[in-house]
Structure formats: structure tokens, C-alpha cells
Amino acid sequence: VQLVESGGGLVQPGGSLRLSCVASGFTFSSAGMSWYRQAPGKEREAVAGISSAGGRTNYGNSVSGRFTISRDNAKKTVYLQMNSLKPADTAVYYCQTRWGMKDYWGQGTQVTVSS
């Protein structure tokens, strides 16, 4: 199983970014996918999750209404559209899945929100 994130960077408050996570090594269309983030000195927190077919999504309270998770099973890719970004959203963002009763994580992509 391999998860590779991209799309992070430096953005001003109020701006937008779209993260991508390309998956391989498992049956992507059968797996739920999630995004997590971890800020310096803080615990990793769940940001958003999506079911295998994409019909169900859930969001953390701090991002609900600003972030949107989606997936393209043909491309084996999950996305996180982040709008109205705040400095508090600064963190390393990780893609995650659970397959074969084991959790897998990507290497993470840094998002920095600063003026």
C-alpha cells in the first residue's frame, strides 16, 4: 500500500488549496479514505473522511463548511479542497486508509497559512 500526497504550500489567509492523494497497492474503490493533519506540538487530528463509493463524507468541527473531501476511483485519488484557510489550518496533512486491518499513511504535505 502506498499513499502519496501533493498540493501543499504557502497560502495567505482566506485563500484556497487542493490536496491530492494518489493510492496504489490495494483496491482503492473498496476502501474508505481520510485526511488527517498535525500541527507542531499538537496531536494528529481527523480532518475529513469519505466512504469507498464517495456517497458518505464527514468532517471535523474546525473545518466543516470550509473543506470538501472527494474521490475519483478511476484515478485512485482522493482530494481535499480547502477554502477560507486560516492560520490555524497550518499543519502537515496526511492521507490515510485502513486495509487488511492495518492503517496506512502517506508521507504528508505541508500547508502553511500566513500573510
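The rules we used
- Residues numbered from 1 in each chain as written.
- Predicted model: local features only at pLDDT ≥ 70, side-chain atom pairs only at ≥ 80, totals over all residues.
- Heavy atoms only, no water.
- Helix = DSSP H or I, 4+ residues; strand = E, 2+ residues; numbered from the N terminus.
- Disulfide = S-S within 2.5 Å.

Trainee: Just to check I follow, could you spell out unusual backbone geometry for this structure?
Mentor: A positive phi angle is found at Lys76, which is not glycine, with a value near 55°. With respect to the helices, strands and loops of the structure, Lys76 is situated in the loop between strand 7 (67-72) and strand 8 (77-82). For Ser84, which is not glycine, the phi dihedral falls at a positive 50°. Secondary-structure assignment places Ser84 in the loop between strand 8 and strand 9 (91-99).

Trainee: Is there a simple way to think about the state of the cysteines in this case?
Mentor: Structurally, a disulfide amounts to a covalent bond that connects the sulfur atoms of two cysteines. If you walk through the whole model with that rule in mind, you get 1 disulfide. Here Cys21 pairs with Cys95 through a disulfide, and the sulfurs are 2.2 Å apart. Looking down the S-S bond of the Cys21 and Cys95 bridge, the torsion is -80°, so its handedness is left-handed. Here Cys95 lies in strand 9 and Cys21 lies in strand 3 (residues 17-24), a separation of 74 residues in the sequence.

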